[in-house]
Amino acid sequence: MARDKIYLEEEFPTPLMQLWHNFKQPPVVMIGFGCFLFLIALALLASVITPYSSVENHLDHLLLPPAWSDEGNVSFLLGTDNLGRDMLSRLMHGTSLTFGLSIIVVMASLVIGVIIGSLSALTSGIKSSILNHFLDVILSIPSLLLAIIIVAILGPGLENTLWAIIMVLIPQFVHITRNAVKEEFAKDYVLASRLDGASSIRILWYSIFPNIIEKLISQATLAQSTAILEIAALGFLGLGAPIPMPEWGAMLANGIDLFYIAPWTVYLPGLAILFSVIATNLVGEGMRHALKVRKEN
Amino acid sequence: MGLLKTNMLIFTLRRFSLFFFTMWLLTILSFSLSFLFPGEQLINLTGEINASPEQLAVLANEYQQQANLLTQYFSYVSHLFHGDMGYSMTSHLPIMTEIINRLPATVELTCVALLVAMFFGIPIGFCAAIYHRKAPDNFILAIAMIGYSIPVFWLGILAILVFSVQLGWLPSAGQISLLFEIKHVTGLQLVDILLSDSEYKWQAFQDATRHLILPVIVVALAPATIFMRLARTAMLEVLDTHYIKAAKAKGLTFSQIIYRHAMRNAVIKVIRDVGLQFAHLITIAMVTEVIFSWPGIGRWLIESIYQRDYTAIQGGLIVLSTFIFIVHIIIDFVYAALNPLAREPNHGT
């Protein structure tokens, strides 16, 4: 029998590798993760693989039902809307708007939140107590209300909505980073590197961040499902993406008037939102499960 | 008894100081909004868009515009304390009147929805915990996942389509049929109907209830699924404790353990988190009000954005947030009343 390994080598996987190892165990989570990757691919490739442009009108095919119904046409697989725009293409373009932008929004607020959170974890006394209370107040105001207020200041539009949602999500990340960093700072290994003479910033970067990154990712998935729902909700309320844009919420708002004659214009964007939020939540669920398993071992 | 009272007093004082701190931050936020919104600050604050220069001068004097920012802030707060939030830029009614007309509808919708969510969510969560890792548990978890992933505006539209249009069971918009004339006493529709002396009282009550059912279900679904998960986790934690093992060792039956010991302790854990979920519920209620044309404060707030009614937005922010904090505090008190450990941290361990 051939022996590949002659020396017994002890391997210490990084926290991220451990997370992945625990993460991939439940099959449901892997299905969710697959859907999540599929959505990312769709968001990136939407403009390349869609059959039509998102605003191209096919005036002889108005309100065409999906292809499986009797009046359907297979060249418009999911039917068309009231201006003869292909639903499938619009939904695919919408992936890069609603889903793709939600990832960017979460990344941005993650970075800002982590910076503020770790700086505030290093401070103490009155300053940190005021910040804590301030965060409590901000966190207890409904996120949609905050987003609406920021939109009212900046004016409606997709870009302003994104800024609003970034700002709304930051406090969550500040809160979780702050608590996680404080928790880690109390541990012995941090004391060890402190005794070696490491500065606080160095400890943060080399010792603490690798150990809290999974908590941040898990919070990020939660934030992302909020972000998707919020982008869509603001689009639906007419405060976000303008109607011609294929943003899922705005598409839904556009379909409402046609609900009784063309229900697919409302079903499909709603299903798309539901699908992407469930995929995100499954990934988050898997992440939290993996974290719990790791804690128990 | 004396000790209990002092503990409760300290608890109350601590809650109230937090409440005042919160309100202080909130008024600062709302005051600074008047600078951040487009347009002139004084007009944003008072909502007097058609005022003549003389009237504006009087207002500027009233809000002490010539003094420093701190004085301006204090005069704003004193106006707030006198119930003066300025005038709506669109309807030219005092914001306070607008809010008093609309807040009760929101209070009614959200409180009923919260109760419904707790009433259904918590027992179902307990069920899931009792059948941990069996088919019912997985089923409940799957339903919960769909429940809090579903976009509320879509759910609302589907509910209207199915239950009001296709089946025709329930009305789709408004709070009560226009046929009934109910005097505005408390503003809470159901209470007002019961107080009124109309001969069609019961018909009106039935009608108002029928109007309430769909919006309440739509608002309550997502919080109910969150309560399911909270209740499930709480119950699992409790079932893992030593006192449950002791009860088992004493020979209590499973249902005795669940009903007498586990359920009470698990409910307390869930109630602690209800306050946080309430803010989430308000967000959902705001969108639902738009879909169901519910005459509440959420719909009014969203409409005031369309109309750039900045005074209304400031007033709405203060009132909605205060409402949330008050519910928070009430829930904290309920939690403290139910759980001695929260009142007496010194004796807890």
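So, how was this worked out
- Residues numbered from 1 in each chain as written.
- Chains lettered and ligands numbered in written order.
- Predicted model: local features only at pLDDT ≥ 70, side-chain atom pairs only at ≥ 80, totals over all residues.
- Heavy atoms only, no water.
- Helix = DSSP H or I, 4+ residues; strand = E, 2+ residues; numbered from the N terminus.
- Buried < 20%, exposed > 50% of the residue type's maximum accessible area, 1.4 Å probe, protein only.
- Contact = heavy atoms within 4.5 Å.
- Lys, Arg positive; Asp, Glu negative; His and termini not counted.
- Charge placed at Lys NZ, Arg CZ, Asp CG, Glu CD.
- Polar contact = N/O pair within 3.5 Å; in protein donor to acceptor, adjacent residues only side chain to side chain.
- Patch = residues over 30% accessible without salt bridge, like charges linked within 9 Å, V, L, I, M, F, W, Y side chains within 5 Å.
- Areas by Shrake-Rupley, 256 points an atom, 1.4 Å probe, with all protein chains shown as cover.
- Salt bridge = Lys/Arg side-chain N within 4 Å of Asp/Glu carboxyl O.
- Buried area = accessible area lost by both parts, 1.4 Å probe.
- Domains from an automatic or database assignment.
- Nonpolar A, V, L, I, M, F, W, Y, C, P; charged D, E, K, R; others polar.
- Phe/Tyr/Trp six-rings, centres within 6.5 Å; stacked < 30°, edge-to-face > 60°.
- pLDDT = per-residue confidence, 0-100.
- Axes fitted to C-alpha atoms, helices over the stretch in contact; angles between N-to-C directions.
- Parallel < 35°, antiparallel > 145°, perpendicular 65-115°, else oblique.
- Left-handed = near helix turned anticlockwise from the far one by under 90°.

Observations regarding the overall build of chain B
Part 1: When helices and strands are tallied, chain B shows 15 helices and zero strands.
Part 2: With respect to the three principal axes, the spread of C-alpha positions in chain B is 85 × 60 × 40 Å.
Part 3: Relative to its 349 residues, chain B shows a buried fraction of 48%.
Part 4: Taking contacts inside chain B between residues at least 6 apart in sequence as the whole, the part at least 24 apart equals 71%.
Part 5: Charge separation in chain B, taken as the distance between the mean sites of 21 positive and 21 negative side-chain charges, equals 22 Å.

Structural notes on the side chain of Arg90(A)
Residues and elements named next belong to chain A.
Part 1: Inspection of the secondary structure assignment puts Arg90 in helix α3 (residues 87-122).
Part 2: Side-chain polar atoms of Arg90 contact the backbone oxygen of Pro244, separated by 3.5 Å.
Part 3: Contacts of Arg90, omitting those with residues within four sequence positions, involve Ser54, Asp81, Arg85, Ile243, Pro244, Met245, Pro246 and Met251.

A closer look at a nonpolar patch on the surface
Residues and elements named next belong to chain A.
Part 1: On the surface, Val111, Ile112, Ile115, Ile116, Leu119, Leu122 and Ile201 cluster together into a nonpolar patch covering about 590 Å² of accessible area.
Part 2: It is α3 that contributes the most residues to the nonpolar patch, six residues altogether.
Part 3: By the element assignment, Leu119 lies in helix α3.

Regarding the interface of chain A and chain B
Size of an interface: often given as the accessible area lost when the parts come together.
Part 1: Contacts between chain A and chain B engage 36 residues on the former and 43 residues on the latter.
Part 2: Interface of chain A and chain B: buried area, both sides summed, is about 3,500 Å²; carbon and sulfur atoms make up 83% of it.
Part 3: Interface area lost by chain A to chain B is led by Leu145(A), Ile153(A) and Leu237(A), which between them contribute 15%.
Part 4: The interface formed by chain A and chain B contains one salt bridge.
Part 5: Where Glu285(A) meets Arg229(B), a salt bridge forms, and the shortest distance between an N and an O atom there is 3.0 Å.
Part 6: On the surface where chain A and chain B come into contact, there are four residue pairs in polar contact (both at pLDDT 80 or more).
Part 7: Among the secondary structure elements, those contributing two or more residues to the side of chain A that touches chain B are α4 (126-140), α5 (143-154), α8 (200-236) and α10 (264-296) of chain A.

With respect to the domain arrangement of chain B
Residues and elements named next belong to chain B.
Part 1: For chain B, the assigned domains are domain 1 (14-81) and domain 2 (95-343).
Part 2: Spacing between the C-alpha centres of domain 1 and domain 2 amounts to 34 Å.
Part 3: Roughly 1,400 Å² is buried in total at the junction of domain 1 and domain 2, and carbon and sulfur atoms are behind 78% of that figure.
Part 4: Where domain 1 touches domain 2, the interface holds zero salt bridges.
Part 5: The tally of links from domain 1 across to domain 2 stands at zero residue pairs in polar contact (both at pLDDT 80 or more).
Part 6: Put simply, the parts of the chain that give the side of domain 1 that touches domain 2 at least two residues each are α1 (2-36), α2 (41-46) and α4 (69-81).
Part 7: Looking at which element gives the most residues to the side of domain 1 that touches domain 2, the answer is α1, with nine residues.
Part 8: Residue composition of the side of domain 1 that touches domain 2, by class: eleven nonpolar, six polar and one charged.

Here we look at the pattern of salt bridges
Part 1: Under the counting rule described, the total for this entry stands at nine salt bridges over all chains.
Part 2: When the shortest N-O distance is used, the salt bridge between Lys187(A) and Glu184(A) registers 3.2 Å.
Part 3: A relative accessible area of 5% means that Glu184(A) is categorised as buried.
Part 4: Ionic pairing is found between Glu214(A) and Arg294(A), a salt bridge with its closest N-O pair at 2.7 Å. With a gap of 80 residues between them, Glu214(A) in helix α8 and Arg294(A) in helix α10 connect regions that are remote in the sequence.
Part 5: A relative accessible area of 24% means that Arg294(A) is categorised as partly exposed.
Part 6: Counted as one network, the salt bridges with shared partners bring together Glu285(A), Arg288(A) and Arg229(B).

Things to note about unusual backbone geometry
Note: most residues except glycine have negative phi, and most peptide bonds are trans.
Residue and element names in this part refer to chain B.
Part 1: At His92, a position not held by glycine, the phi torsion is positive, near 60 degrees.
Part 2: For His92, the position within the fold is in the loop between α4 and α5 (95-130).
Part 3: Not every positive phi belongs to a glycine, and Ser293 is a case in point at roughly 45 degrees.
Part 4: Take Ser293: its relative accessible area is 30%, and that puts it in the partly exposed class.

Observations regarding the packing of aromatic side chains
Part 1: Overall, the coordinates contain 19 aromatic pairs over all chains when judged by the stated rule.
Part 2: Taken together, a centroid distance of 4.7 Å and an interplanar angle of 15 degrees make the contact between Phe236(A) and Phe153(B) stacked. Placement of the pair is Phe236(A) in helix α8 and Phe153(B) in helix α7 (residues 152-166), with the two residues belonging to separate chains.
Part 3: What makes Phe153(B) buried here is its relative accessible area of 1%.
Part 4: On the numbers, 5.9 Å between centres and 25 degrees between planes, the contact of Phe259(A) with Tyr260(A) is stacked.

Focus: the confidence of the model for chain B
Residue and element names in this part refer to chain B.
Part 1: With 97% of its residues at a pLDDT of 70 or more, chain B shows a mean pLDDT of 84.
Part 2: The least confident element of chain B is helix α15 (residues 345-348), whose mean pLDDT is 50; the most confident is α5, at 91.
Part 3: This complex was scored by the predictor with a pTM of 0.86 and an ipTM of 0.83.

Some remarks on the environment of Ile297(B)
Residues and elements named next belong to chain B.
Part 1: Along the polypeptide, Ile297 turns up in helix α12 (residues 297-306).
Part 2: Ile297 sits twelve residues away from Ala285 along the chain, and the two C-alpha atoms are 9.6 Å apart.
Part 3: Not counting residues up to four positions away in its chain, the partners in contact with Ile297 are Ile99, Arg102, Leu103, Thr106, Glu289, Val319 and Leu320.

Section: the packing of α5(A) against helix α6 (residues 158-185) of chain A
For any two helices packed against each other, the geometry is given by the interaxial angle and the distance between the axes.
Residue and element names in this part refer to chain A.
Part 1: At a closest axis distance of 9 Å, the pairing of α5 and α6 adopts a crossing angle of 135 degrees. One finds that α5 runs oblique with respect to α6. For α5 against α6, the interelement crossing comes out right-handed. Counting all contacts with α5, which are made through Ser143, Leu146, Ala147, Ile150, Val151 and Leu154, the residues of α6 involved are Asn160, Thr161, Trp163, Ala164, Met167 and Val168.
Part 2: For the contact of α5 with α6, a count of residues per class yields nine nonpolar, three polar and no charged.

Examining the packing of α12(B) against helix α13 (residues 310-338) of chain B
Residues and elements named next belong to chain B.
Part 1: Running from N to C, α12 and α13 cross one another at 150 degrees; their axes reach a closest spacing of 9 Å. The angle between α12 and α13 falls in the class roughly antiparallel. The hand of the α12/α13 crossing is left-handed. Across the interface between the two elements, Ile297, Trp300, Leu301, Ser304 and Ile305 of α12 pack against Ala312, Ile313, Gly316, Leu317, Val319 and Leu320 of α13.
Part 2: Each residue belonging to the contact of α12 with α13 can be placed in one class, and the counts come to nine nonpolar, two polar and no charged.

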